[in-house]
Protein chains: 4
Amino acid sequence: MAERGNTKGLDRLLTLADGVFAIAITILVLDLRVPPGLIGRELPAHIADLIPEFISYGISFAVIAIYWQAQREVFEDIESSDTALTWMTFLFLMAIAFLPFPTLLLGEYRDRQISVIFYAADAAVASLLLVSISWYARSGHRLVPEDIDEEQARLRTAQGLAVPVVFLVSVVISFWSPEIALYSWLLLVVSDPLVRWAWRRARRSSS
Amino acid sequence: MAERGNTKGLDRLLTLADGVFAIAITILVLDLRVPPGLIGRELPAHIADLIPEFISYGISFAVIAIYWQAQREVFEDIESSDTALTWMTFLFLMAIAFLPFPTLLLGEYRDRQISVIFYAADAAVASLLLVSISWYARSGHRLVPEDIDEEQARLRTAQGLAVPVVFLVSVVISFWSPEIALYSWLLLVVSDPLVRWAWRRARRSSS
Amino acid sequence: MAERGNTKGLDRLLTLADGVFAIAITILVLDLRVPPGLIGRELPAHIADLIPEFISYGISFAVIAIYWQAQREVFEDIESSDTALTWMTFLFLMAIAFLPFPTLLLGEYRDRQISVIFYAADAAVASLLLVSISWYARSGHRLVPEDIDEEQARLRTAQGLAVPVVFLVSVVISFWSPEIALYSWLLLVVSDPLVRWAWRRARRSSS
Amino acid sequence: MAERGNTKGLDRLLTLADGVFAIAITILVLDLRVPPGLIGRELPAHIADLIPEFISYGISFAVIAIYWQAQREVFEDIESSDTALTWMTFLFLMAIAFLPFPTLLLGEYRDRQISVIFYAADAAVASLLLVSISWYARSGHRLVPEDIDEEQARLRTAQGLAVPVVFLVSVVISFWSPEIALYSWLLLVVSDPLVRWAWRRARRSSS
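Definitions and cut-offs
Per chain, residue numbering runs from 1 following the sequence as it is written. Lettering for chains starts from A, numbering for ligands starts from 1, and both go in the order in which the items are written. Where local features are concerned, this predicted model is filtered to residues with pLDDT of at least 70; where side-chain atom pairs are given and counted, the filter is 80 or more; whole-chain, interface and lining totals use all residues. Note: side-chain values were computed over all heavy atoms of the structure, leaving out hydrogens and water. Under the scheme used here, helices are H or I runs from DSSP no shorter than 4 residues and strands are E runs no shorter than 2 residues, and both carry numbers assigned from the N terminus. Only protein chains enter the accessibility calculation, which uses a 1.4 Å probe; a residue whose area is less than 20% of its type maximum is buried, one above 50% is exposed, and one in between is partly exposed. Contacts are residue-level and defined by heavy atoms, with any inter-residue pair within 4.5 Å sufficient. For the area figures, the Shrake-Rupley method with a 1.4 Å probe applies, and any residue is considered shielded solely by the protein chains shown. By the counting rule applied here, Lys and Arg register as positive and Asp and Glu as negative, while His and the ends of each chain are not counted. Note that the charge is assigned to NZ on lysines, CZ on arginines, CG on aspartates and CD on glutamates. Superposition of the copies was done by least squares, using only C-alpha atoms of residues whose pLDDT is at least 70 in both. Cavities and pockets are defined on a 1 Å grid built over the protein atoms alone: a cavity is a set of grid points where a 1.4 Å probe fits but cannot escape, while a pocket is an open set with protein on both sides within 12 Å along at least five of seven lines, and lining residues are those with an atom within 4 Å of any such point. Grid points are joined across faces, edges and corners, and a volume is the space filled by probe spheres set on the points. Note on residue classes: Ala, Val, Leu, Ile, Met, Phe, Trp, Tyr, Cys and Pro are nonpolar, Asp, Glu, Lys and Arg are charged, and everything else, Gly too, is polar. Put simply, two rings from Phe, Tyr or Trp (the six-membered ring, in Trp's case) pair if the centres are within 6.5 Å, and we call them stacked under 30 degrees between planes, edge-to-face over 60, tilted for the rest. Criterion for a charge above a ring: Lys NZ or Arg CZ within 6 Å of the ring centre, and within 35 degrees of the ring normal. What counts as buried area is the accessible surface, traced by a 1.4 Å probe, that two parts surrender upon association, with contributions from both included. The salt bridge criterion pairs a side-chain nitrogen of Lys or Arg with a carboxyl oxygen of Asp or Glu, the two atoms within 4 Å. The term polar contact refers here to a pair of N or O atoms within 3.5 Å; inside protein, the definition further demands a hydrogen-donor-capable atom paired with an acceptor-capable atom, and it admits residues adjacent in sequence only when both atoms are side-chain atoms. The convention used is that axes are lines fitted to C-alpha atoms, helices contributing only their stretch in contact, and that angles between N-to-C directions extend from 0 to 180 degrees. Roughly parallel means an angle under 35 degrees; roughly antiparallel, over 145; roughly perpendicular, 65 to 115; everything else is oblique. Two helices crossing with the near one rotated counterclockwise from the far one by less than a right angle form a left-handed crossing, whereas a clockwise rotation gives a right-handed crossing. Each helix should span, by expectation, one fewer than its residue count multiplied by 1.5 Å. To count toward a patch, a residue needs a relative accessible area above 30% and no salt bridge. Like charges then connect within 9 Å, nonpolar side chains (Val, Leu, Ile, Met, Phe, Trp, Tyr) within 5 Å.

A. Highlighting the overall build of chain A. Assigned secondary structure in chain A consists of nine helices and zero strands. Ordering the α and β elements of chain A from the N terminus gives α-α-α-α-α-α-α-α-α. Overall size of chain A, expressed as C-alpha extent along the three principal axes, is 65 × 45 × 25 Å. For chain A, buried positions account for 55% of its 207 residues. Long-range pairs, those at least 24 residues apart, make up 77% of the contacts in chain A between residues at least 6 apart in sequence. In the structure as shown, chain A presents an accessible area of about 8,900 Å², 65% of it carried by carbon and sulfur atoms. Charge-centre separation for chain A: the mean point of 17 positive side chains lies 5 Å from the mean point of 22 negative side chains.

Structure representation (structure tokens):
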């Protein structure tokens, strides 16, 4: 019982989570390097060679930003933490903290299918963990207030499940072209409003 | 509507922002290295060779400090966050988190124009994003209280726009001398009081 | 007296602690590297070679997660900080911040006993410091409220002492097989409920 | 006036400071490396060679812990921030964030005087900035409440000035032996109670 309804404990968990996100997006830059001693046109040429790394840097920054916003929304209604929620949150943070590795892979080997699959698998696991956290906290109003909007919660679960679907589709596309698979992740930016639109349409037609 | 007026969400966004700034200024030191095994006068000679790196370290620390203070002022009146503000803040943080890369470039190639342009472009983008955040939150009192001082807000916008102007001027100077361009950034330290002085003078003469 | 009963000081100490934990779990990924320029089957082969590093990454993430939760429980009842508590907390944080080093050792040399002993020693020191913090704050209600549950506090001390016992046992096992010693740490995940069960059983039989 | 008495701004400044301290003490470990591929007795031999690095790691951790506690005490009574205090705090944080560089130097070249002087100079600058912050905030009750204990403030200034004195003495000792100079820093741990004892004695004899 001492572990249930831990409000201050949740605050610290979210501080930790914000720290992990802040570090994950900031250390991405450590993989962008220029060796010393380049002369003449070698320097601009080397920087031009870094363009794939710049792109994977930008993609990873955007992906982590999307996950940060998704977890912020999931934790918005959650009032306290217990042992299970804390462990699920740590697993989610592990998936996020691991992202710089597939990002490195993508920067160096973006035309290889294995890079895309690694990245997509990591990101899909992160999404599924986030959906699990949301489901666990909300089922039976375990860690959310009684008066929470159920409809809103279901919409969010649908939005959360759209993310691993995008990554799964990208894995399928990667058999055809790893680069197009990579750009298909930009669908994530529009998936939230898209799911919301589909949701409202479905509700209207059912009522 | 659920995404509007998110106060707790803004607190977490600012915690994340402070984390990104803290990491960005602290990892700058990771590029200052001394190889092991130097003997006799080699060690002081190697440290003396690092002086350009020390200077670009100091400049970047000061630039990031200026941006941190600028965003603190911008967010001072903002009461809540929505999706657009969150994304603009992430883009701003990306420009900040990216700064260690042009800093590295400056430390190794400070006499090359490309280094100055890279740095100035990144910093100018950061400024423009900050001005956009301020404009977005304040226009129509979208995310600020009704009783906010409009005059003060306009002064801040003017101060914010002075920053990309300084960086633009430095790019022009860099065609003549990259090193002088670099030192022209120190104008940023005095640009705030300068704009304030010009602003008050302009207001007095118009009234 | 000015140093006693420092509540705001404790808040800042915990913010620092959360920062150290967040960085320690996030920089673990920096040791997972893939060199550029691999062609054909070299890339999947290199990633397969990283599997021991992935395992030691996962173990360290789990160990740090366990310690974070343990310290969160220890500090739950503590209301303020004094000089001694602050120093003990810094020593504890040093043991945590040091963990990436034995993690690196484990990833590269997991079949060597010295890696296991290094890791186990560091982790055991961290546990003992945490137990000391708990004992120091609770003895004579020094830094906890008067109405704290003594029974609960004793249970926690027992749980805390179980951790160095697990690591000591793993060192003994490491003489026989370093790899099995490594997996014995997974006992930590079940040690908390196990000690709680034994505790309740012992109490029931004594009453 | 808008920049005076900024309470929320001070909270964010301290969050940033705690972040910088957390990162500075956690990234120290990144300089402790063991190359892959060592066989037989090479591994324990290499770890034994790291002992100077372990010592400079421990010293730097302790020094940063001392500074964190010193700044926590200085900021305890400060209620708000203005532009000057913010800049002084950033300069102080720069001196702290720079410490991993002289730490690296000490680990690799602890028998060289230049390492000791670099470290001592950085640490002395940090102390002097902290004393300046305290003096600035307290003079004329600029940023502290009216009812603050003046006597206590003067004692703290004396304690703060003891730190650069220790580092200055260590520089003198370094002409004779860099290693003994290094250990003389441990005086910092006792300097606080020592100054307090001398202070009380002086007050008693003057009254």
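Here the narrative resumes.
B. Layout of the relation of the copies chain C and chain A. Screw-axis analysis of chain C against chain A gives a translation of 0.0 Å along the axis, an RMSD of 0.0 Å, and a rotation angle of 90°. Such a combination of rotation and displacement between the chain copies is what one expects of a four-fold axis. Closest to the rotation axis within chain C is the C-alpha of Gly19(C), separated from it by 4.4 Å. A share of only 5% of the interface residues of chain C reappears at the interface of chain A, consistent with the copies meeting through non-equivalent patches.

C. A look at the relation of the copies chain B and chain A. Of the two same-sequence chains, chain B is brought onto chain A (RMSD 0.0 Å, axial shift 0.0 Å) by a rotation of 90°. Mapped onto chain A, only 6% of the interface residues of chain B are again interface residues, and the two copies thus contact each other with different surfaces.

D. Spatial organisation of the layout of surface pockets. Taken as a whole, the largest pocket spans an internal volume of roughly 1,200 Å³. Surrounding the largest pocket, 39 residues form its lining, Asp11(A), Thr15(A), Thr15(B), Thr15(C) and Thr15(D) being those nearest its centre. Those elements that provide at least two residues to the lining of the largest pocket are helix H1 (7–27) of chain A, helix H1 (7–27) of chain B, helix H1 (7–27) of chain C together with helix H1 (7–27) of chain D. Along the lines of polarity and charge, the residues of the lining of the largest pocket split into 15 nonpolar, eight polar and 16 charged.

E. Spatial organisation of the packing of aromatic side chains. Throughout the structure, instances matching the rule amount to 51 aromatic pairs over all chains. Between Phe98(A) and Phe101(A), the ring centres sit 5.5 Å apart and the planes meet at 45°, which makes this aromatic pair tilted. A relative accessible area of 13% places Phe98(A) in the buried class. Here a set of aromatic residues connected by ring pairs shows up, and it is made of Phe54(A), Tyr57(A), Phe61(A), Phe98(B), Phe101(B) and Phe118(B). In this structure, Arg142(D) is placed above the aromatic ring of Tyr136(D), and the distance from its NZ or CZ to the ring centre is 4.0 Å.

F. Structural view of the interface of chain B and chain A. With 35 residues of chain B at the contact, the number on the chain A side is 40 residues. Between chain B and chain A lies a buried interface of about 3,200 Å² when both sides are counted; carbon and sulfur atoms form 67% of it. When the buried area of chain B at its contact with chain A is split by residue, Arg12(B), Trp87(B) and Tyr109(B) rank highest and sum to 21% of it. Run the count over chain B and chain A and you get two salt bridges. With a closest N to O distance of 3.0 Å, Arg33(A) and Asp31(B) form a salt bridge. Linking chain B with chain A are 10 residue pairs in polar contact (both at pLDDT 80 or more). Contributing elements (two or more residues each) for the side of chain B that touches chain A: H1, helix H4 (83–98), helix H5 (100–108) and helix H6 (113–138) of chain B.

G. View of the packing of helix H6 (residues 113–138) of chain A against helix H7 (residues 150–174) of chain A. Residues and elements named next belong to chain A. Relative to each other, H6 and H7 sit at 165°, their axes nearing to 9 Å. On the basis of their axis angle, the class for H6 and H7 is roughly antiparallel. For the pair H6 and H7, the sense of crossing is left-handed. Of the residues in H7, those touching H6 at Gln113, Val116, Ile117, Tyr119, Ala120, Ala123, Ala124, Ser127, Leu128, Val131 and Arg138 are Ala153, Arg156, Thr157, Gly160, Leu161, Val163, Pro164, Phe167, Ser170, Val171 and Ser174. Across the contact of H6 with H7, the residue classes tally to 14 nonpolar, six polar and two charged.

H. H1(B), seen in detail. Over its 21 residues, H1(B) extends 30 Å from the first C-alpha to the last, a length consistent with the 30 Å expected when each residue adds 1.5 Å. The element H1(B) is largely enclosed, with a buried count of 17 among its 21 residues.

I. Representation of the interface of chain C and chain A. If you look at the interface, chain C gives 41 residues, while chain A gives 35 residues. Carbon and sulfur atoms supply 67% of the area buried between chain C and chain A, which totals about 3,200 Å² over both sides. Considering only the surface of chain C that becomes buried against chain A, Thr26(C), Trp68(C) and Arg72(C) emerge as the three largest contributors, covering 18% of it. Here chain C is connected to chain A by two salt bridges. As a salt-bridge pair, Asp18(C) and Arg12(A) come within 2.9 Å of each other at their nearest N and O atoms. Our count for the contact surface shared by chain C and chain A stands at 10 residue pairs in polar contact (both at pLDDT 80 or more).

J. Representation of a nonpolar patch on the surface within the structure. Residue and element names in this part refer to chain A. Taken together, Tyr183, Leu186, Leu187, Val189 and Val190 make up a surface patch of nonpolar side chains, about 440 Å² in accessible area. Here the element with the most residues in the nonpolar patch is helix H9 (residues 187–206); it accounts for three residues. Among the secondary structure elements, Val189 is positioned in helix H9. For Val189, a relative accessible area of 44% translates into the label partly exposed.

K. Spotlight on the environment of Ile55(B). Residues and elements named next belong to chain B. When you line up the elements, Ile55 lands in helix H3 (residues 51–76). For Ile55, a relative accessible area of 28% gives the class partly exposed. Taking the C-alpha atoms as reference, Ile55 lies 10.0 Å from Thr103; in sequence the two are 48 residues apart. Those residues in contact with Ile55, other than ones at most four positions away along the chain, are Arg110 and Tyr183.

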